[in-house]
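Below, each chain spelled out in residue letters.
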Amino acid sequence: MAAERPTDAEDPVGYFLQDMTYHGKTDRTRDAYERVLRAFESFLGDPSRNPSGTARSVDDATHRDCMAWIHTLRNRDVAPSTVATYASYLHRFYAYMAQVGAFDSNPMSLVMEEMDERIDTNPARRELSVPQMREFVREIAHPLDHALVVTLLKTGMRVGELCNLDLRDVSLSVDTPLSRVSTRAALDGRGPSIYVAADPSVGSVTNGEARTASNKRKRSTVVPVDEELEGVLLRWLAIRPDSPSPAEPLFVGTASGWGQRLEPDAVHHVVTSHAADAGWYRAGGDREENVTPHYFRHFFTTHLRDRTGDRGIVKYLRGDVAGDIIDTYTHNWGDRVRETYESNIYSLR
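As a convention, each chain's residues are numbered from 1 in the sequence order in which they are written. Per-residue local features of the predicted model are confined to residues with pLDDT of at least 70, and side-chain atom pairs are confined, for both listing and counting, to 80 or more; whole-chain, interface and lining totals are unaffected and use all residues. Hydrogens and waters are ignored; side-chain quantities use all the structure's heavy atoms.

1. A few points about the sheet that holds strand E1 (residues 170–171)
- Across the sheet, which stays open at both edges, the 3 strands sit in the order E1-E2-E5 with antiparallel pairing between neighbours. The open sheet is flanked by E1 and strand E5 (221–224), the only strands paired with a single partner.
- If DSSP finds at least two bridges between two strands, the strands pair. Secondary structure elements follow DSSP: runs of H or I of four or more residues count as helices, runs of E of two or more count as strands, with numbering from the N terminus. With 2 bridges joining them, E1 and strand E2 (residues 193–196) adopt antiparallel strand pairing. Of the residues in E2, the one forming a bridge with Ser-171 is Ser-193.

Written out as structure tokens, the structure reads:
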């Protein structure tokens, strides 16, 4: 199956993973792909497990090898949605390597057509009430951890977007360390707000600093900051270490990586550590039971949508709409977005 491969594709899986990084995928996404692809690679290399009875490599695997691996997952009682997810990873790997000319074809194409399993795009998640989340937040004492969790819960932003925030992206109503930083023009006249940009991506230089996370918004968004979140941010800013970065990150390390911009893995660790203390996170658990930073985006969406009945505003705040729809909310920001947000956002204290 092997064609003339790019000279640096002697390790096809490594080649693909490196390209994922170049395409701006997060470390967590890349790690997930690596675990699955290396497991498949190990399966192929074990003659006692694959159909050929001889060791194979990923570049000469057949559709029968791929089907056999899927079969082993089923025999291990892996959840159907997880089987479908792993198959999609393998399918994307082969499709990409064929597209760049490293492989002749994609042996997963036929397998995907014949599979009964499907990815669950709307998994049943742990459903937490606002009072439960309020009690969870009250137990978080450290100003940085508290600020990270409350910002995620009250804005619905992604963890990468949180990590990419700079001081210039925040406008508050009182004098703070922000006063020495020129805020974005888009925040003028908006009141206490956070600007979530659409453009930062892994490896790009934004505001003078190379970024390690990507934002995934279709358009940049101005998210209101209510009195509660403003107080939480002020508490954090009072102890925030100075940063050597010219970008002046909003959230920086207070232990290892002192003053350095926080990365998504660090925020994920903060959230899951507190969630584990609350009994909401278990190593090896799935999305149905584990509370992670992405769960907070789900929580924000569900509760604000139910309270407002306005899917458009929730989509705007999430950064999920583009074009004339988002322009409508941008132009009516003061009249509609802030008023709707402040009238309906839940309290966490």
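What follows picks up the thread again.
2. As for helix H7 (residues 143–155)
- By definition here, a helix of n residues has an expected span of 1.5 Å times n minus one. Taking 1.5 Å of rise per residue, 13 residues should cover 18 Å, and H7 covers 18 Å from first to last C-alpha, within 8% of that figure.
- We call a residue buried when its accessible area falls under 20% of the maximum for its residue type, exposed when it is over 50%, and partly exposed in between, using a 1.4 Å probe and counting protein chains only. Extensive coverage of H7 is indicated by the burial of 13 of its 13 residues.
- Following H7 by one or two positions, Gly-156 adopts a phi angle in the positive range, close to 70°.

3. Brief notes about the nonpolar core
- Of all hydrophobic cores here, the largest spans 58 residues; its most connected members are Met-133, Ile-194, Phe-251, Phe-296 and Leu-317.
- A total of 7 residues in this core trace back to one element, the largest contributor, which is H7.
- We call a set of buried Ala, Val, Leu, Ile, Met, Phe, Trp, Tyr and Cys residues a nonpolar core when their side-chain atoms join them within 4.5 Å. Listed in part, the 33 residues of the second largest apolar core include Ala-32, Leu-44, Met-108 and Val-111.

4. A look at a negative patch on the surface
- Each patch is built from residues that are more than 30% exposed by relative accessible area and take part in no salt bridge. Like charges join if they lie within 9 Å; nonpolar side chains (Val, Leu, Ile, Met, Phe, Trp, Tyr) join within 5 Å. Using a 1.4 Å probe, accessible areas were evaluated by the Shrake-Rupley method; residue-level cover was limited to the displayed protein chains. One side-chain nitrogen of Lys or Arg within 4 Å of one carboxyl oxygen of Asp or Glu is enough to make a salt bridge. Just so you know, the count uses Lys and Arg for positive and Asp and Glu for negative, and it drops His and the chain ends. In plain terms, the charge of a residue is placed at NZ if it is Lys, CZ if Arg, CG if Asp and CD if Glu. Residues Asp-27, Asp-31, Glu-263 and Asp-265 make up a contiguous surface patch of negative charge.
- Note that Asp-265 resides in helix H10 (residues 264–277).

5. A closer look at the pairing of E5
- Here E5 shows two buried faces, one formed by Thr-221 and Val-223 and the other by Val-222 and Pro-224.
- Pairing of E2 with E5, which is carried by 4 bridges, proceeds in the antiparallel orientation. Pairing of Ser-193 across the sheet is with Pro-224, part of E5.

6. A word on the confidence of the model for the protein
- Mean pLDDT over the protein: 87, with 90% of residues reaching 70 or higher.
- Of all helices and strands in the protein, the one with the weakest mean pLDDT is helix H13 (residues 323–331) (56), whereas H7 scores best (97).
- Residue range residues 1–7 is modelled with pLDDT below 50. Its contacts to residues more than four positions away, or to other chains, number 23 contacts. By definition, pLDDT measures how confident the predictor is in each residue, and it falls between 0 and 100. Every residue pair with non-hydrogen atoms within 4.5 Å of one another is taken to be in contact.

7. Concerning the pattern of salt bridges
- Taken as a whole and judged by the stated rule, the model has 19 salt bridges.
- Between Glu-34 and Arg-30 there is a salt bridge, and its shortest N-O distance comes to 3.8 Å. In this pair, Glu-34 and Arg-30 are both assigned in helix H2 (residues 27–44), 4 residues apart and thus about one turn of the helix distant.
- Using a relative accessible area of 22% as the deciding quantity, one classes Arg-30 as partly exposed.
- Arg-261 is the salt-bridge partner of Asp-166, the closest N and O atoms lying 2.6 Å from each other. Residue Asp-166 is located in the loop between helix H8 (159–163) and E1, and its partner Arg-261 is located in the loop between helix H9 (227–237) and H10; the two are separated by 95 residues in the primary sequence.
- Take Arg-261: its relative accessible area is 10%, and that puts it in the buried class.
- Where salt bridges share partners, they join Arg-158, Glu-161, Arg-217, Arg-297, Arg-318 and Asp-320 into one cluster.

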